[in-house]
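Structural overview
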Amino acid sequence: MSRPSRNTVAVAFAVALSGWGPALASDFDQCVEGLRQKAQAEGISRAVFDANVPTVTPDPSLLELLDRQPEFSTPIWDYMAGLVDEERVEEGKAMLATHAATLARVEDAYGVDPATVVAVWGVESNYGQVFGKRPLLTSLTTLSCMGRRQSFFRGELIETLRIVQSGDVAPDKLVGSWAGAFGHTQFMPSTYRRIAVDFDGDGRRDLVGSVPDALASTANYLKRSGWRSGQPWGFEVRLPEGFDAAGAGRKNRHPLSHWQARGIRRVDGAEVALPPGTPTALLLPAGATGPAFLVFKNFDAIYSYNAAESYALAIAHLSDRLRGKGPFVTPWPTPDPGLSRRERRELQELLLARGHDIGEVDGMIGSATRAAIKLEQARLGLPVDGRGGLRILDALRGDAPATPAPAQ
Ligand code: CA
């Protein structure tokens, strides 16, 4: 979610090039020769290799992304507010309607319900609107020859070449994240090899051009990760007064009856229609005073998609919102709640109107936006943390700019 500014990347690129010069070129050529042999041993034709790897100009800016430390750790309430907002809920409901027939067939084939499949799609690629823009062959060839995870990326490069060789996706359509996740489902190439399916029957497993292939591949991923048809991922609960939260944690599973005996109840007061022995964990993403959840096997299946609890909770919650349920009942324990993407764009408009050079309004709170927020927080006498939360948005809404913006 937090991305380095274009300037940071440009500087790193220039430094890397000036520092490595000719050595970089010869090392890279040697590396490519090694890749050629590995590719051949893995069944990639010489023609496919030569057309796609030696032609790559290495991109050292990827190394900064590989090694970056998060400059700003995102509180869970910011993360959730951006990923599960009204826009994503409304667009997801539209996708449920548009692709109803496909989703019904996917559920028949893999046992995963439409709301869950569409929620993964919404979080992974905003329903196919954000694939990432980096050419996989450039990223993976570079990272196969530079940086600290070359062995891993070599495997991903070989699988990318296998996709090209199969004709399933054309090389120019293979764009994605800097690390090589691509298409509607943001699968890594090795995940593609294991999991992707041809669901529209055209003979190609196409996670870039085919929504049916993508939705079915997502369901196949969850099925392979242990999805239990008809079970919920979990639900929001209320803890009794004075609850000792020491036993919380996704890996700390007990029978459902263990938690019920300790006085934990659903926030909506409903009964839990699962056997008392169902393995269950208590999730407290923001501690005992924030929203609390009992989670089951299907939460773990979602978790396996990206190995982050906040990520899994976003998908799980979005799936509930797509089923018509409301926001969490218990508020996040913060005096400064997170912003939806619409509110983030509004905040950026307000900063622009005050003359801050934060680039284009994109709803993403990057380093330039955070720097401007700090200046405004200081000016308004608020805590200066650079966070784009409701407090600074409300303050700027109620505060006319020193120089009025020109009339539209
Ligand atoms: Ca297909």
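Now for a look at the structure at hand.

1. A few points about the overall build of the chain
When you go through the chain residue by residue, the secondary structure sums to 17 helices and seven strands. Computed over C-alpha atoms, the radius of gyration of the chain comes to 24 Å, within 12% of the 22 Å expected from 2.2 N^0.38 for 408 residues, which places it in the range of a compact globule. For the chain, long-range pairs separated by at least 24 residues make up 67% of all intrachain contacts whose partners lie at least 6 apart in sequence. About 18800 Å² of surface is accessible on the chain, with carbon and sulfur atoms providing 53% of the total.

2. What to know about the sheet that holds strand 7 (residues 292-295)
Hydrogen bonds along the backbone pair up the strands of a sheet, which may run parallel or antiparallel. Taken together, the five strands give an open sheet; going across it, the order is 4-6-7-3-5, and neighbouring strands pair in antiparallel fashion. Edge positions in the sheet fall to strand 4 (254-255) and strand 5 (265-266), since each has one partner strand and no second. In terms of strand pairing, strand 6 (residues 279-283) meets strand 7 through three bridges, oriented antiparallel. By the bridge assignment for strand 7, leucine 283 is matched with phenylalanine 293.

3. A word on the nonpolar core
Grouped together as the largest cluster of nonpolar side chains are 87 residues, with contacts concentrated most on Met80 and Leu161. With eight residues, the single largest contributor to this core is helix 14 (residues 309-322). The two domains that each donate at least three residues to this core are domain 1 (1-68 + 137-182) and domain 2 (234-304). In this structure, leucine 161 is in contact with Ala39, Ile44, Val48, Phe49, Asn52, Val53 and Leu137, ignoring residues within four places of it in sequence.

4. Concerning the coordination of the calcium ion
Perfect tetrahedral coordination of a metal by four donors corresponds to 109.5 degrees between them, and perfect octahedral coordination by six donors corresponds to 90 or 180 degrees. Listed as protein donors to the calcium ion are Asp198 (OD), Asp200 (OD), Asp202 (OD), Arg204 (O), Asp213 (OD) and Asp213 (OD); their distances from the metal cover 2.2 to 3.0 Å. Around the calcium ion sit six donor atoms, and with donor-metal-donor angles ranging over 47 to 160 degrees the site reads as irregular. Mapped onto the sequence, the residues coordinating the calcium ion show the spacing D-x1-D-x1-D-x1-R-x8-D. One end of the pair, aspartate 198, is in the loop between helix 10 (189-195) and helix 11 (211-224); the other, aspartate 213, is in helix 11, with 15 residues separating them in the sequence.

5. Digging into the packing of helix 5 (residues 86-98) against helix 14
One way to put it is that helix 5 packs onto helix 14 with a least axis distance of 9 Å and a crossing angle of 60 degrees. In this structure, helix 5 crosses over helix 14, and the sense of that crossing is right-handed. On helix 14, the residues touching Glu86, Arg88, Val89, Gly92, Lys93 and Leu96 of helix 5 are Leu318, Arg321 and Leu322.

6. Examining the pairing of strand 6
When you tally the buried positions in strand 6, you get four out of five residues, the bulk of the element. Bridge count for strand 4 against strand 6 is two bridges, and the pairing is antiparallel. Looking across to strand 6, one finds that histidine 254 is bridged to threonine 280.

7. Quick notes on helix 11
End to end, helix 11 covers 20 Å across 14 residues, agreeing with the expected 20 Å (1.5 Å per residue, within 8%). Taken across its 14 residues, helix 11 has 11 buried, putting it largely inside the fold. Among the residues making up helix 11, those that are buried are Val211, Asp213, Ala214, Leu215, Ala216, Ser217, Thr218, Ala219, Asn220, Tyr221 and Leu222. Considering only its buried residues, helix 11 is in contact with helix 6 (100-110), helix 7 (114-125), helix 10 and helix 13 (297-303).

Reading the values: the criteria
- Once a new chain begins, its residue numbering starts again from 1 and follows that chain's sequence as written.
- In view of the model being predicted, local features appear only for residues whose pLDDT reaches at least 70, and side-chain atom pairs are presented and counted only at 80 or more, with totals across whole chains, interfaces and linings using the full set of residues.
- Side-chain calculation: all heavy atoms of the structure are included, whereas hydrogens and water are not.
- Helix and strand assignments come from DSSP, with helices taken as H or I runs of at least 4 residues and strands as E runs of at least 2, each series counted from the N terminus.
- The quantity called the radius of gyration is restricted to C-alpha atoms. Its globule counterpart is 2.2 Å times the number of residues to the power 0.38.
- Contacts are assigned to residue pairs with any non-hydrogen atoms lying within 4.5 Å of each other.
- Each accessible area is a Shrake-Rupley estimate made with a 1.4 Å probe; only the visible protein chains count as cover when residues are assessed.
- Any two strands between which DSSP finds at least two bridges are classified as paired.
- Put simply, a nonpolar core is a bunch of buried Ala, Val, Leu, Ile, Met, Phe, Trp, Tyr and Cys residues held in one set by side-chain atoms that sit within 4.5 Å of each other.
- Relative accessibility decides the category of a residue: with a 1.4 Å probe and only protein chains considered, values under 20% of the type maximum give buried, values over 50% give exposed, and everything between is partly exposed.
- Throughout, the edges of the domains are those of an automatic or database domain assignment.
- Ligating atoms shown are N, O and S within 2.8 Å of the metal, or 3.2 Å for Na, K and Ca, and water is not included, meaning a site may look less than complete.
- In this scheme the shape depends on donor count and angles: four donors with every angle between 85 and 135 degrees give tetrahedral, four or six donors with opposite pairs above 155 degrees and others between 65 and 115 give square planar or octahedral in turn, and any other case is irregular.
- For helices, the axis comes from a line fit to the C-alpha atoms of the stretch in contact; other axes are also lines fit to C-alpha atoms, and the angle between any two N-to-C directions lies between 0 and 180 degrees.
- With the far helix as reference, a near helix turned anticlockwise by less than a right angle produces a left-handed crossing, and one turned clockwise produces a right-handed crossing.
- Helix span is expected to be 1.5 Å times the residue number reduced by one.

Nothing here speaks to function; it is geometry throughout.
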